[in-house]
Amino acid sequence: MTDLDTPATRDAEGDGGLRRSITGRLLFFYVLGDVLGSGIYVLIGAVALAVGGAFWVAFAVGITVATITGLAYAELVTKYPQAAGAALYVNKAFDNRPLTFLITVCMLSASFAASGSLATGFASYFNEVWDLPPALLLTIAFIVLLSIVNFIGITESVVINMLMTFVEVAGLIIVMIIGVWYVLQGNADFGILVEFETESSPVLGVISGVALAFFAMTGFENAANVAEETVDPAKTFPRALIGGMVAAGVIYVLVAIAAALTVPLSGLQDAGANDKPALLEVVKEGIIPPPVGFMVILFSIIAMIAITNTTLVSVVTQSRILYGMAREDVVPGVFARIHSARRSPWVALLFSAVVVIGLLMSGADIARLATVTVVFTLFIYALVIVSALKLRGQDEDEDTFIAPLWLLVLGILGNLIVLTYVIYDDPGSLVYCAALLAVGLVLFLAEHFFGSRNSPGGNAVATSTVPKEI
Amino acid sequence: MHVIVATDGSRQSLAAAKHLKSFADPAKITTISVVAVIRPYAAVAFADDLSPAKATSADFDSLHFRDAADSATKAVAAVFDGWGPKVQVRIRSGSPASEIIKAAKQADAGLVVVAAGSRGLSDTVLLGSTAQRVQHSAPCPVLVVRPAPRKRKK
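Everything numeric here is computed off the predicted structure, so don't read it as measured data. (Residues numbered from 1 in each chain as written. Chains lettered and ligands numbered in written order. Predicted model: local features only at pLDDT ≥ 70, side-chain atom pairs only at ≥ 80, totals over all residues.)

Enquirer: It is not clear to me how the overall build of chain B should be interpreted in this structure. Could you clarify?
Expert: Helix and strand counts for chain B come out as five helices and five strands. The order of α-helices and β-strands along chain B, N terminus first, is β-α-β-α-β-α-β-α-α-β. Considering chain B as a whole, with its 154 residues, one finds that 53% of them fall into the buried category. (Helix = DSSP H or I, 4+ residues; strand = E, 2+ residues; numbered from the N terminus. Buried ≥ 20, exposed ≤ 12 C-beta atoms within 10 Å, placed from the backbone.)

Enquirer: Hey, could you run me through the overall build of chain A in this one?
Expert: Regarding its fold elements, chain A presents 19 helices and zero strands. By the burial criterion, 59% of the 470 residues in chain A qualify as buried. Sequence separation of 24 or more characterises 84% of the internal contacts of chain A that already satisfy a separation of 6 or more. (Contact = placed C-beta atoms within 7 Å.)

Enquirer: Is there a simple way to think about the environment of Leu20(B) in this case?
Expert: Residues and elements named next belong to chain B. Within the secondary structure layout, Leu 20 lies in helix α1 (residues 11-23). For Leu 20, a count of 20 C-beta atoms within 10 Å corresponds to the buried category. Measuring from C-alpha to C-alpha, the distance between Leu 20 and Val 34 comes to 12 Å, with 14 residues separating the pair along the chain. Ignoring any residue separated from it by four or fewer positions in sequence, one finds Leu 20 in contact with Val 3, Val 5, Val 113 and Leu 143.

Enquirer: Help me out: how do you make sense of the pairing of strand β2 (residues 31-38) of chain B in this one?
Expert: Walk down a regular strand and you will see the side chains alternate between the two sheet faces. Residues and elements named next belong to chain B. Judged by how many residues are buried, β2 sits mostly within the fold: seven of eight residues are covered. As defined by bridge partners, strand β1 (residues 2-7) adjoins β2 across six bridges and the pair is classed as parallel. When the bridges of β2 are listed, Thr 7 appears paired with Ala 36. For the segment spanning β1, α1 and β2, crossover handedness is right-handed. For β2 and strand β3 (residues 86-93), the ladder comprises eight bridges, and the chain directions are parallel. Looking at β3, one finds that Val 35 is bridged to Arg 90. (Pairing = 2+ DSSP bridges. Right-handed = clockwise from strand over helix to strand, strands pointing away.)

Enquirer: Just to check I follow, could you spell out the confidence of the model for chain A for this structure?
Expert: Low pLDDT means the predicted coordinates in that region are not meant to be read closely. Residues and elements named next belong to chain A. When the pLDDT values of chain A are averaged, the result is 81; 89% of them are 70 or greater. Mean pLDDT across the elements of chain A bottoms out in helix α19 (residues 466-469) (34) and peaks in helix α14 (residues 346-361) (90). In the model, residues 1-17 has pLDDT below 50 throughout and makes 24 contacts with residues more than four positions away in sequence or in other chains. Contacts from residues 453-470, a stretch scored under 50 in pLDDT, to residues over four places away or in other chains number 31 contacts. (pLDDT = per-residue confidence, 0-100.)

Enquirer: Teacher, can you tell me more about the nonpolar core here?
Expert: Most often, soluble globular proteins keep nonpolar side chains buried together rather than apart. Grouped together as the largest cluster of nonpolar side chains are 217 residues, with contacts concentrated most on Val47(A), Phe214(A), Ile4(B) and Ile100(B). When residues in this core are grouped by element, the largest group, 17 residues, is from helix α13 (residues 292-327) of chain A. Not counting residues up to four positions away in its chain, the partners in contact with Phe214(A) are Gly62(A), Val65(A), Ala66(A), Val374(A) and Val418(A). (Core = buried A, V, L, I, M, F, W, Y, C linked by C-beta atoms within 7 Å.)

Enquirer: Help me understand helix α5 (residues 130-137) of chain B in this model?
Expert: For an α-helix, the turn length of 3.6 residues means that residues three or four places apart are oriented alike. All names here are of chain B. Taken as a whole, α5 has its buried residues at Thr 130, Ala 131 and Val 134. The buried residues of α5 occupy an angular sector of 95° when projected down its axis, which confines them to one face. Among the structural elements, α3 (96-107), β4 (111-115) and β5 (142-145) are those in contact with the buried residues of α5. (Arc of directions from axis to C-beta.)

Enquirer: Is there a simple way to think about the sheet that holds β4(B) in this case?
Expert: Hydrogen bonds between backbone groups are what pair the strands of a sheet, and the pairing can be parallel or antiparallel. Residue and element names in this part refer to chain B. Ordered in space as β3-β2-β1-β4-β5, the five strands form an open sheet in which the pairing is parallel. The strands lining the two open edges of the sheet, one partner per strand, are β3 and β5. The mean angle between the axes of side-by-side strands here comes to 20°, regardless of whether they run parallel or antiparallel. Its contacts with the sheet place α1 against β1, β4 and β5, and it is angled at close to 140° to β4. Lying over the sheet, helix α2 (residues 65-77) contacts β1, β2 and β3, oriented at roughly 155° with respect to β2. (Axes fitted to C-alpha atoms, helices over the stretch in contact; angles between N-to-C directions.)

Enquirer: Would you take a moment to explain the packing of helix α4 (residues 55-79) of chain A against helix α10 (residues 233-262) of chain A for this structure?
Expert: Two numbers describe a pair of packed helices, the interaxial angle and the distance between the axes. Contact geometry of α4(A) with α10(A) gives a least axis separation of 9 Å together with a crossing angle of 175°. Taken together, the axis directions place α4(A) and α10(A) in an arrangement best described as roughly antiparallel. (Parallel < 35°, antiparallel > 145°, perpendicular 65-115°, else oblique.)

Enquirer: Would you mind showing me how to read helix α7 (residues 135-152) of chain A here?
Expert: Residues and elements named next belong to chain A. With 18 residues, α7 extends 26 Å between its outermost C-alpha atoms, agreeing within 8% with the 26 Å of an ideal straight helix rising 1.5 Å per residue. Within the sequence span of α7, burial applies to Leu 138, Thr 139, Phe 142, Ile 143, Leu 146, Ser 147, Asn 150 and Phe 151. As for α7, its buried residues are in contact with α6 (97-129), α13 and α14. Count one or two residues on from α7 and you reach Gly 153, which has phi positive near 90°. (Expected span 1.5 Å × (residues − 1).)

Enquirer: Is there a simple way to explain the confidence of the model for chain B in this structure?
Expert: All names here are of chain B. Counting all residues, the mean pLDDT for chain B is 80, and 81% of those residues have values of 70 or more. Across chain B, the element-wise mean pLDDT spans from 49 in helix α4 (residues 121-125) up to 92 in β1. Counting contacts from residues 54-60, a segment whose pLDDT is below 50, to residues more than four positions away or on other chains yields 15 contacts. The ipTM value of the predicted complex is 0.77, and its pTM value is 0.83.

Enquirer: I tried to follow the environment of Lys276(A) on my own but got confused; where do I start?
Expert: Residues and elements named next belong to chain A. Inspection of the secondary structure puts Lys 276 in the loop between α11 (265-273) and α12 (279-284). The exposure class assigned to Lys 276 is partly exposed, which follows from the 19 C-beta atoms found within 10 Å. Along the backbone, Lys 276 and Thr 120 are 156 residues apart, and their C-alpha atoms lie at a distance of 9.7 Å. If we skip the residues at most four places from it in the chain, Lys 276 touches Gly 45, Ser 124 and Ala 271.

Enquirer: Looking at this structure, I do not really get the packing of α4(A) against helix α9 (residues 202-217) of chain A. What am I missing?
Expert: All names here are of chain A. Running from N to C, α4 and α9 cross one another at 60°; their axes reach a closest spacing of 7 Å. By the angle class used here, α4 and α9 are oblique. Between α4 and α9 lies a crossing whose hand is right-handed. Counting all contacts with α4, which are made through Phe 55, Val 57, Ala 58, Phe 59, Val 61, Gly 62, Ile 63, Val 65 and Ala 66, the residues of α9 involved are Val 206, Gly 209, Val 210, Ala 213, Phe 214, Ala 216 and Met 217. For the contact of α4 with α9, a count of residues per class yields 14 nonpolar, two polar and no charged. (Left-handed = near helix turned anticlockwise from the far one by under 90°. Nonpolar A, V, L, I, M, F, W, Y, C, P; charged D, E, K, R; others polar.)

So this is what it looks like as structure tokens:
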């Protein structure tokens, strides 16, 4: 990096002027909070529906594949700490502009679909507390509100981020306590944990469950957002990323087991089939002493906070990707426009909100949108691992974290197997994938045919806004 | 006296630096620290509107928010070139207001110069203005440079 070569920064070293703010612990909580919110609060019912009583297996397998992918991310981040995610790794590895563009649009699309899915999950919990507003209106209001919050920029607080993660974990600990309580009462039937109840073979059932459970692990890649600001990234980043993912994974498996033990399988599956919050069924069983009504509201609020946290990060990711693409001159320059006072990319935020609302209004349910996210992320993850392998032997020093080769190969296989199955199982999701990719293509064409006056890129855009500000 | 000049990469922050130069006595200022704060969790961690357009990197490179902060601080520091006081630049990371205040405390600053970003409605409605929070808890006097009122509505 050129950081140390410039006189200005050399000057700044004296009293720690180059200080970075994300410590290993903060990064750990960032990863944990980002991962936990996304999946289990929203999708546990759908996974139970796919696999049967043994659905914790699906979570365990999904988490393993995702964590292996995390190793590839960790390796690449230690090599290129300034890189903001998959697109740059692929670019470094293949140096192929169309491929880089494709992967960037995939990241963007995955994030759009994830936001939609999370918003629907949020609405399902909200309706448990207050059953009045129609779900569609709620999800739209949710997305609009989060975009405004990001525009104002109050999510930047490191403290709030940590608090939200604590709340998320607290909700899952409640589920675990209920599970332990139930087991101690001696009512638990552990037989359910090995029960596969699928339409086809258990293996296929598990794979389709894995595909959904995989959604629960997405989000960790957003940690690359803050890689540049991480203290001593070569050392901290692999530890915090893998630590956060393993911690989330252990919590997931325990929560899945607790849910399977305490709630009749049909209850979880019905909830999964109707977009109802299945995890709430655990609380509704009334196993622990506090009144059920109170616990349901408390748990719903916790779940909403968890989902909000993860959705906020995905909204940030979307606008950041759009901003980056506009700076690279592959989408129209307006996306790089920064609000003069709030310093937020307001056009990118607005556009993201419109796309996500479009997804919500298309009538897709949680599982469909989650599947779309998973299709994109599996493709991205597989390509990131390939990039990690291709970049082996370059830019390495003694600090570089090197992931075990056989694990990475296993990771590629795992990603591809799940990807193939998802597409085979739910070909309808491909329509959504194509639609989202088309959005990217339209932006590219718009820039290609109408954007020439903006060249050479983002900096020209920045100057073009100047006259309006003076 | 040590003066902290904060920049968020906006043109208003450049105007604030120029305003300081327009009236302050360089003989009384020992050092000027130009401070930029990168917001790692924000959608755009740092946007630089100040540097002249340069050719963008030919490939998809990273967003280099540190580079943006670096060039913005240099653009502001250039205002004080040859004015007298020693000029240094500082890039910090975190929440802007608290990092500016920390920088002021560490440097034992005698003055903090910040720009109040917005005019109009968003200024009154939206909370959490950095300038507001800095002037609320800074350990020294604060110069808040507000944008000139607009002649007519845009």
